[in-house]
Amino acid sequence: MTKQQRNWHLADSYTQLPHIFYKPTNPTPVKAPKLLIFNEELAAWLGLDTDFLRSDQGIDVLAGNAVPEGANPIAQAYTGHQFGMFTMLGDGRAVLLGEHNTPQHERVDIQLKGAGRTNYSRGGDGRAALGPMLREYMISEAMHGLGVPTTRSLAVVSTGEPIMRETPLTGAVLTRVAKSHLRVGTFQYAARFGSFDDVKALADYAIDRHYPELNNKLHPYLSFFQEVIKEQASLVAKWQLVGFIHGVMNTDNMAISGETIDYGPCAFMDTYDPRIVFSSIDVQGRYAYSNQPPIAHWNLARLGEAMLSLIDEDEDQAVKQVEKELEAFPRLFNDHWMNGMRAKLGLFNEEPEDDSLITSLLDIMKTHKADYTNTFLGLTYDKLDDATIFSTDDFRKWHKRWLRRVEKQHETDEERKDLMRCNNPAVIPRNHRVEEALTAAVDNDDLTLVEELLHLMKDPYAHTDEQIEYAKAPIPEGPYTTYCGT
Ligand code: AMP
Ligand code: MG
């Protein structure tokens, strides 16, 4: 395999971990790589040579046909509770090129997803289809624009090799950029298949990488657990506030860094419905919108279990401490969520009535099947004529109540509207738009709509005229299902 330099600053600290955590693995070369989409802005932030990456040699790296000089590619091992069932997993179709040091001295993983078979591929071909890779690119970049912590997408390359699913599909490789790929499932793997020392090595690694300040704490492991709980409470609150449904909150798809990871059958909701599920495989509704906070809590309990041996030598004591920390999650989540909801409603201060004010609005939205994003936009723009919900008695009563609440605060109307504009996105990647863009890209090699969506999602809080036009809810609103991106 050819080696290339060009501004890559790749470290391989993960390979200092015990061998059970990874397998050295090169990406498998592909026949005819073609660069379909490339994230100039992210490349610049990474300090990479964008002209080079767009050249044939650069594309070879993005396709897995060449690796950067100094790279020591690996596939990572992990397990996971998939829909509650514990399974051995690992990077079955992803290869970690290494940890790139950015000009700002941030360390990020550069991973190729769809890069061929690994030791963890089980029966799979190690490949990914173009549609799902473009989907991950679009949604992750949209999440970034929305201000939600997420892995990023640098490029999608088509491979020139069809992959066999129910029908032959175009193969593709996504370059994913992440704070790290440490998952709850990585800890579960260490606890299940490793020794005490392995779990400790992993926790020390995670602390050094994400929370180095905790090394000075009296109980670094417990503090680490607390931090992960805090990050997840904040993350999932952000999902709820923008109406994002992850779809597959398995423990292997929960990152220790607090970034959203693994975009499969995820979606943003149009009509507000707490029970909404998008994934075709989630028949029980385990990962429904309203279940996301309790599921995050459940996943964190699995992390706590995996870390018991580090928390206290006495297992009973360790369990007690873990349980105590976990108890904080619902409150932490609720604080983030309430603050976010207050901001969406232009409320600067806290009043005891806020809880009921917010819940009532959501209940009315549910009863009248209102569009989640556009209800808040109607309030933001003071434009209460477009949607049915605004002409209902329920809403009118609520609206009076909200105005009374708003009048109680000292801030001006302009200040309130600014707060609302900064917290209510003008655009979200609506399902019908995402699908339309993917169909054009996959069926007609036309990436215009993908580019357009990405452009509009760069700053969803800008409220430009073109965004307002694009923001319209689908007509007619229909059920929407996403399928696992395999
Ligand atoms: P995901 O649904 O992407 O979170 O993947 C769940 C597990 O299945 C992970 O261990 C993946 O690496 C593995 N996997 C998914 N697709 C493939 C594939 N085409 N070949 C091999 N492994 C795969
Ligand atoms: Mg996954």
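Criteria and cut-off values
- Throughout this document, residue positions are counted from 1 along each chain, in the order its sequence is written.
- Numbering of ligands from 1 and lettering of chains from A proceed in the order in which they are written.
- The predicted nature of this model means local features are confined to residues of pLDDT at least 70 and side-chain atom pairs, given and counted, to a pLDDT of 80 or more, with totals for whole chains, interfaces and linings taken over all residues.
- Excluding hydrogens and water, the side-chain figures rest on all heavy atoms present in the structure.
- To sort residues, take the accessible area from a 1.4 Å probe on protein chains only and compare it with the maximum for the residue type: under 20% means buried, over 50% means exposed, and anything in between is partly exposed.
- Helix and strand assignments follow DSSP, with helices taken as H or I runs no shorter than four residues and strands as E runs no shorter than two, numbered in order from the N terminus.
- When DSSP finds at least two bridges between two strands, those strands are taken to pair.
- Domain delimitation follows an automatic or database domain assignment.
- Whether two residues are in contact is decided by their heavy atoms, any of which lying within 4.5 Å being enough.
- In short, buried area is how much 1.4 Å probe accessible area vanishes from two parts on joining, totalled over both.
- A pair is scored as a salt bridge if a Lys or Arg side-chain nitrogen falls within 4 Å of a carboxyl oxygen belonging to Asp or Glu.
- For Na, K and Ca the donor cut-off is 3.2 Å, and for all other metals it is 2.8 Å, counting N, O and S atoms only; because water is absent from this set, sites may look incomplete.
- For this analysis, a ring pair means two rings from Phe, Tyr or Trp (six-membered ring only for Trp) whose centres lie within 6.5 Å, classed as stacked if their planes differ by under 30 degrees, edge-to-face if by over 60, and tilted for the remaining angles.
- Charge-over-ring contacts are defined here by two conditions on Lys NZ or Arg CZ: a distance within 6 Å of the ring centre and an angle within 35 degrees of the ring normal.
- Axis geometry follows a simple rule: fit a line to the C-alpha atoms, using only the stretch in contact for helices, then measure angles between N-to-C directions, giving values from 0 to 180 degrees.
- Throughout, the term roughly parallel applies to angles under 35 degrees, roughly antiparallel to angles over 145, roughly perpendicular to angles from 65 to 115, and oblique to all others.
- We call a crossing left-handed when the near helix sits turned anticlockwise from the far one by less than a right angle, and right-handed when that turn is clockwise.
- Side-chain atoms within 4.5 Å link the members of a nonpolar core, which is a set of buried Ala, Val, Leu, Ile, Met, Phe, Trp, Tyr and Cys residues.
- Near is defined per residue: the residue qualifies when any heavy atom it owns lies within 4 Å of the molecule or strand.
- Two N or O atoms form a polar contact when they lie within 3.5 Å of each other; inside protein one atom must be a possible hydrogen donor and the other a possible acceptor, and for residues adjacent in sequence the pair counts only when both atoms belong to side chains.
- Calculation of accessible area relied on Shrake-Rupley with a 1.4 Å probe; when residues are assessed, cover is drawn exclusively from the protein chains displayed.
- In the scheme used here, Gly and all other residues not listed as nonpolar or charged are polar, with Ala, Val, Leu, Ile, Met, Phe, Trp, Tyr, Cys and Pro taken as nonpolar and Asp, Glu, Lys and Arg as charged.
- Multiplying 1.5 Å by the helix residue count minus one yields the expected span of that helix.

**Comments concerning the pairing of strand β9 (residues 94-101)**
Turning to step 1, where the next piece is worked out: Burial of β9 is extensive: seven of the eight residues sit out of reach of the surface.
Turning to step 2, where the next piece is worked out: Pairing of β9 with strand β10 (residues 107-113) involves seven bridges; the strand directions are antiparallel. By the bridge assignment for β10, L96 is matched with Q111.
Turning to step 3, where the next piece is worked out: Counted between consecutive antiparallel strands, the loop separating β9 from β10 contains five residues, among which H105 sits at a positive phi close to 65°.

**Some remarks on the domain arrangement of the chain**
Turning to step 1, where the next piece is worked out: Under the domain assignment used here, the chain contains domain 1 (3-178), domain 2 (184-337) and domain 3 (345-486).
Turning to step 2, where the next piece is worked out: Placing a centre on the C-alpha atoms of domain 2 and another on those of domain 3 gives a separation of 28 Å.
Turning to step 3, where the next piece is worked out: The interface is formed by 20 residues belonging to domain 2 together with 20 residues belonging to domain 3.
Turning to step 4, where the next piece is worked out: Across the domain 2/domain 3 interface, buried area totals approximately 1800 Å², and carbon plus sulfur atoms make up 61% of it.
Turning to step 5, where the next piece is worked out: It is F268, D270 and Y272 in domain 2 that bury the most area against domain 3; as a group they hold 37% of the surface buried on that side.
Turning to step 6, where the next piece is worked out: Here domain 2 and domain 3 share one salt bridge between them.

**Some thoughts on the coordination of the magnesium ion (ligand 2)**
When a metal carries six donors in an octahedron, the ideal angles between them are 90 or 180 degrees, while four donors in a tetrahedron ideally lie at 109.5 degrees.
Turning to step 1, where the next piece is worked out: At the metal site, the magnesium ion (ligand 2) is ligated by N253 (OD1) and D262 (OD), and these contacts range over 1.9 to 2.2 Å.
Turning to step 2, where the next piece is worked out: Its relative accessible area of 14% is what places D262 among the buried residues.

**Considerations on the packing of aromatic side chains**
Turning to step 1, where the next piece is worked out: Inspection of every chain in the model, using the stated rule, returns 16 aromatic pairs.
Turning to step 2, where the next piece is worked out: Consider the rings of Y272 and Y289, whose centres lie 6.3 Å apart with planes at 85°: the pair is edge-to-face. In this pair, Y272 is assigned in the loop between β15 (267-268) and α8 (292-306) and Y289 in the loop between β15 and α8, connecting sequence segments 17 residues apart.
Turning to step 3, where the next piece is worked out: Relative accessible area serves as the criterion here: at 9%, Y272 is assigned to the buried category.
Turning to step 4, where the next piece is worked out: The positively charged end of R302 is found above the aromatic ring belonging to W298, 4.4 Å away from the centroid.
Turning to step 5, where the next piece is worked out: In this arrangement the basic side chain of K344 is found over the ring face of F376, its NZ or CZ atom lying 4.6 Å from the centre.

**With respect to the packing of helix α6 (residues 196-210) against helix α7 (residues 220-242)**
Turning to step 1, where the next piece is worked out: Following both chains from N to C, one finds α6 and α7 inclined at 60°, their axes separated by 11 Å at the closest point. What the angle tells us is that α6 and α7 run oblique. As α6 runs across α7, the sense of the crossing is left-handed. Contact residues: K200, A203, D204, A206 and I207 in α6; P220, Y221 and F224 in α7.

**Thoughts on the nonpolar core**
Turning to step 1, where the next piece is worked out: Ranked by internal contacts, the top residues of the largest apolar core, which has 120 residues, are F187 and F224.
Turning to step 2, where the next piece is worked out: A per-element tally of this core places α7 first, with 13 residues.
Turning to step 3, where the next piece is worked out: When sequence neighbours within four positions are dropped, the list of residues in contact with F187 reads L202, A203, A206, F224, I256, L303, A306 and M307.
Turning to step 4, where the next piece is worked out: Membership of the second largest hydrophobic core comes to 29 residues, among which are A63, A66, V95 and L154.

**Topic: the site of ligand 1**
Turning to step 1, where the next piece is worked out: The full set close to ligand 1 counts 17 residues, and G90, G92, R122, D125 and G126 are the nearest of them.
Turning to step 2, where the next piece is worked out: Here D125 contributes a side-chain N or O atom positioned 3.0 Å from a nitrogen atom of ligand 1.
Turning to step 3, where the next piece is worked out: Here an oxygen atom of ligand 1 and a side-chain polar atom of N253 are 3.4 Å apart.
Turning to step 4, where the next piece is worked out: Isolated, ligand 1 exposes 480 Å² of accessible area, and the fraction of that covered by the protein chains is 85%.
Turning to step 5, where the next piece is worked out: Looking at the shell around ligand 1 residue by residue, the classes come out as two nonpolar, eight polar and seven charged.

**A few points about helix α10 (residues 315-344)**
Turning to step 1, where the next piece is worked out: Taking 1.5 Å as the rise per residue, α10 with 30 residues should run 44 Å; its terminal C-alpha atoms sit 44 Å apart, in good agreement.
Turning to step 2, where the next piece is worked out: The N-cap residue of α10 is D314: its side-chain oxygen and the backbone nitrogen of D316 are 3.0 Å apart.
Turning to step 3, where the next piece is worked out: Phi for G346, located one or two positions after α10, is positive at around 75°.

**Things to note about the pattern of salt bridges**
Side chains that carry opposite charge are capable of pairing whenever their charged atoms lie near each other.
Turning to step 1, where the next piece is worked out: In the structure shown here, the tally under the stated rule is 25 salt bridges.
Turning to step 2, where the next piece is worked out: Linking R430 and D270 is a salt bridge whose minimum nitrogen-to-oxygen distance equals 2.6 Å. Here R430 is found in the loop between α14 (413-423) and α15 (431-444), whereas its partner D270 is found in the loop between β15 and α8, with 160 residues between them in sequence. For the pair formed by R430 and D270, the shared burial category is buried.
Turning to step 3, where the next piece is worked out: Between R433 and E436 there is a salt bridge, and its shortest N-O distance comes to 3.6 Å. In this pair, R433 and E436 are both assigned in helix α15, three residues apart and thus about one turn of the helix distant.
Turning to step 4, where the next piece is worked out: By relative accessible area, E436 is classed as partly exposed at 39%.
Turning to step 5, where the next piece is worked out: Sharing partners across several salt bridges, the network here consists of K113, E136, R176, R183 and D262.

**Section: the side chain of T375**
Turning to step 1, where the next piece is worked out: Positionally, T375 belongs in helix α12 (residues 372-381).
Turning to step 2, where the next piece is worked out: Residues contacting T375, with those up to four places away along its chain left out, are L361, M365, A370, I389 and F390.

**Some details on the packing of α7 against α10**
Turning to step 1, where the next piece is worked out: It is the contact of α7 with α10, at a shortest axis distance of 8 Å, that shows an interaxial angle of 30°. Put simply, α7 runs roughly parallel to α10. Relative to α10, the crossing made by α7 is right-handed. Contact with α7, carried on its side by L222, F225, Q226, I229, K230, Q232, A233, S234, V236, A237, Q240 and L241, involves Q321, V322, E325, L326, F329, L332, F333, H336, W337, G340, M341 and K344 of α10 and no other residues of that element.

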